[in-house]
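For reference, the chains in residue letters:
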Amino acid sequence: MNCPELPELIEKSNDEVQINSQINELKRILGERKIRIMEFCGGHTHSFFNTGLVSLIENCVELVHGPGCPVCVLPPSRVAMLLDLIERRDDVIVATYADMMRIKTLDGRSLKNFHHKTKMVYSALECVKLAQENPSKEIVFAGIGFETTTPPTALLLKKIIDNEIHNLSIFCNHVLTAPAIRAVMQSLDEEMRPDGIIGPGHVSMVTGSEHYLPIVEEIKRPIAIAGFEPYQLMQSLLSLASMIVKSKVGLSNDYSSVVSTEGNKSARDLIDMYFELREEFVWRGVGSLPESALKIKKEFSKFDAEIRFEMNDVHQAEHPACRCPAILMGKAKPLDCKLYAKACTPDNPLGTCMVSSEGACSAYYNNGIGL
Amino acid sequence: MKVITSTHGNGGRLTHQLIQDVFKKHLPMADLSDNDSCPLPSENLVVTTDAHAIDPIIFPGGDIGKLSVTGTINDLLASGAKPLGLSASFLLHEGLPLETLEAVLFSMGKEMHEHDMLFYSGDTKVVPGNGEMGLYISTTGFGSNIQNPPHPNRLREGMDIICTGPIASHGVCILGLRNGIDLTKNIKSDVASLYPMVKDLFVGDLIECFRDATRGGILTTLYELTQDTPLVAELIENDIPISKEVKAACEILGLQPLEVANEGVALIFCRAESTDSILTHLKQYSTGKDARKIGTLRPNSSRVKVHLKTSIGGTRAVAWTNAENLPRIC
């Protein structure tokens, strides 16, 4: 059998005619109704805007942007802890993913300012080589992200332990999706709550779709798990619209080519082996949430940078006019912020939603909205 | 292995030897004592200047030597000038292997010979490398202007925008090399001179405006050319040439290909009636075989100068930022 290659399939499915027929179907389902949908994941926000899909559905769908952007939800205090460590220890090199380098504290400091003591990595495992090449340095990997990026950090920890790498430790900032969905929905008044949620794609690959079943019941809103291509986003909107018009609360896995019911168990086992729940973790915008983030288990604490270097929580104020907290909670849009595209731009970001390539403010700005 | 040392830069015998044995061997030196052999025009002289710094200095598709010459040529072309020659300063790191320098000068010489360009003057300095073993080349290009050169002030609404080749390959190639990304290892830089391809078009006065789209990609070029005009560039995403490999790498790394650097791609602005004949001409050349019309200039007072009809039929604007090409997290 001749199978078309995957990119070809994607291209065909993203064809203008195909997308148009999905949009017509959406309009048929909704009639005159306009629905409010929260896309939890920042990657989805960017897909909606960068592909121009937003322009095609704006009459029937209002997007409410969610908190699923790893850099956006990180409180400035966590960045300040890293900066303090770099300032007091000459032998420390902080390795982390790109966007982390650009987060600024209110006093204007960022990891980027210390380019001799920081290293941008594409994969957590690059830190192994970095540690081997710099035996007189202490490498600290600042792990960040939801369930998607946690398994690579767990794998790094496994390598550190197996290979007895003594000059490499982890500053863990990994957070969980479910508590964030719950917190956002609980904080919104009934009329402000979105009609449905587009569930994250990559996160769900790890957690599995069944992870959302109890959440759907709890928040009384349908969830549809989506991929990142326009036709996949449209499919999730069709699933949500069908449930919303029938006032049905359910779960639809519209990314089943990648997301299974049970998810990636070996990735989760790896996480469970090395990490445990933090009692609480402060989220930007959301505040302190119980059991919403992970920390390294006690028995591996000598590889936990927070313990190895006695990193203490540093209080950091946020910019008083920055609306990131409200934007992350679905209570405001980037255009509601006075700083947007004036004091706060991608070149000089004041809030994390502008810093991160997953953030709602950067999606608006890059698409020239309100400029 | 022979390497560059500080003695090569002290102006003494070793410096002289380096110039005689290495530089003069590869570069087509102008004989400045003979006015007839190296004429620079007294009228219509075009001068450009450009500094070249790239890490790594040798990369798939070229090296800093080729880049310094083709970059200078393409700069001269933006003024509609025929390249005649250049002068260059070389900053060499102590410890630079002599054979690397030879390879770079060989590439420079080869490009210059192919364009009948002369090397007018040069200088060399050796600087401490602090562990690095690179070199920087600063060039000044000389060219002669044609009668009615292309110019941004000739841009008008309704003009077509042609992109001469697949975009973003240089930037993706270099980003991949610098960061050891396996995904990009088969992607070559597009570094090339555009002169052979466009010289006849200039003479025929078919081109209203020409600009090689280097740092900042075609997005930056479009913004630079339109920002003081009441025009915007309306592009058709599906028509923008880009190789499958580069497109996939950009998607995976979270890069906007319109903002990624090129070294052998230009944007040509022309009257709509000239578009077909320009495209037919470009397609005869290896650098222009994938040339496409990618959009049109339209009147619009928007500050956002690039508007895109996306591949799914939607519309979006593309803002111009200074944000670095940083890959996304997940």
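Sequence order sets the numbering: in each chain, residues are counted from 1 along the sequence as written. As a convention, the first chain written is A and the first ligand written is 1, with the rest following in written order. In view of the model being predicted, local features appear only for residues whose pLDDT reaches at least 70, and side-chain atom pairs are presented and counted only at 80 or more, with totals across whole chains, interfaces and linings using the full set of residues. Hydrogens and water are ignored here; the side-chain numbers use all heavy atoms of the structure.

S.K.: Report on helix 4 (residues 169-179) of chain B, specifying residues and quantitative values.
M.R.: Residue and element names in this part refer to chain B. Burial analysis of helix 4 places 8 of its 11 residues in the buried class, which makes it a mostly covered element. We call a residue buried when its accessible area falls under 20% of the maximum for its residue type, exposed when it is over 50%, and partly exposed in between, using a 1.4 Å probe and counting protein chains only. Elements are defined by DSSP. Helices are runs of H or I of four residues or more, strands are runs of E of two residues or more, and each kind is numbered from the N terminus. Within the span of helix 4, buried status applies to Ser 169, His 170, Gly 171, Val 172, Cys 173, Ile 174, Leu 175 and Gly 176. Check the buried side of helix 4 and you find it contacts strand 2 (58-59) and helix 7 (244-253). A positive phi of about 60° marks Gly 180, the residue just after helix 4. Contact between two residues is taken to exist if any of their heavy atoms lie within 4.5 Å; hydrogens are not considered.

S.K.: So what's going on with the packing of helix 7 (residues 150-162) of chain A against helix 12 (residues 265-274) of chain A? Residues and values would help.
M.R.: The packing of two helices is summarised by the inter-axis angle and the distance between the axes. Residues and elements named next belong to chain A. Interhelical geometry of helix 7 versus helix 12 gives an angle of 55° and a closest axis separation of 9 Å. By the criterion of interaxial angle, the relationship of helix 7 to helix 12 is oblique. Here the hand of the crossing between helix 7 and helix 12 comes out left-handed. Seen from helix 7, the contacting residues are Thr 150, Pro 151, Ala 154, Leu 155, Leu 157, Lys 158 and Ile 161; seen from helix 12, they are Ala 267, Leu 270, Ile 271 and Tyr 274. Looking at the contact of helix 7 with helix 12, its residues break down into 9 nonpolar, 1 polar and 1 charged. Angles shown run from 0 to 180 degrees and are taken between the N-to-C directions of axes, each axis being a line fitted to C-alpha atoms and, for helices, limited to the stretch in contact. Any angle that is under 35 degrees is reported as roughly parallel, and any over 145 degrees as roughly antiparallel; angles of 65 to 115 degrees are reported as roughly perpendicular and all others as oblique. Each crossing gets its handedness from the near helix: less than a right angle anticlockwise from the far helix is left-handed, clockwise is right-handed. Here the term charged refers only to Asp, Glu, Lys and Arg, the term nonpolar to Ala, Val, Leu, Ile, Met, Phe, Trp, Tyr, Cys and Pro, and the term polar to all other amino acids, Gly among them.

S.K.: I'd like a description of the domain arrangement of chain B, backed by residues and values.
M.R.: Residues and elements named next belong to chain B. Partitioning chain B into domains gives domain 1 (6-145) and domain 2 (152-318). These domain boundaries are the output of an automatic or database domain assignment. For domain 1 and domain 2, the distance between their C-alpha centroids amounts to 28 Å. Opposite the 20 residues of domain 1 that make contact, domain 2 presents 20 residues. Both sides together, the interface formed by domain 1 and domain 2 hides about 1,600 Å², and carbon and sulfur atoms give 67% of it. Interface area lost by domain 1 to domain 2 is led by Pro 60, Asn 74 and Leu 77, which between them contribute 33%. Any carboxyl oxygen of Asp or Glu within 4 Å of a side-chain nitrogen of Lys or Arg constitutes a salt bridge here. There are 0 salt bridges connecting domain 1 and domain 2. Of all the secondary-structure elements, those providing two or more residues to the side of domain 1 that touches domain 2 are helix 2 (64-78) and strand 4 (81-93). The element that contributes the greatest number of residues to the side of domain 1 that touches domain 2 is helix 2, accounting for 8 residues. Taken together, the residues of the side of domain 1 that touches domain 2 sort by class into 9 nonpolar, 6 polar and 5 charged. Summed over both partners, the accessible area lost on bringing two parts together, with a 1.4 Å probe, is the buried area.

S.K.: Describe in detail the interface of chain B and chain A, supporting the description with residues and values.
M.R.: On the chain A side, the residues contacting the 28 residues of chain B number 35 residues. Linking chain B with chain A are 1 salt bridge, by the criterion used here. A salt bridge links Lys309(B) to Glu16(A), with the shortest nitrogen-to-oxygen separation between them at 3.4 Å. What qualifies as a polar contact is a pair of N or O atoms within 3.5 Å, subject to a donor-acceptor requirement within protein and to the restriction that residues adjacent in sequence count only when both atoms come from side chains. The tally of links between chain B and chain A comes to 8 residue pairs in polar contact (both at pLDDT 80 or more). Counting only elements with at least two residues in the side of chain B that touches chain A, the list comes to helix 4, helix 7 and strand 13 (315-318) of chain B. For the side of chain B that touches chain A, the element with the most residues is strand 13 of chain B, which contributes 4 residues. Per-class residue counts for the side of chain B that touches chain A are 13 nonpolar, 8 polar and 7 charged.

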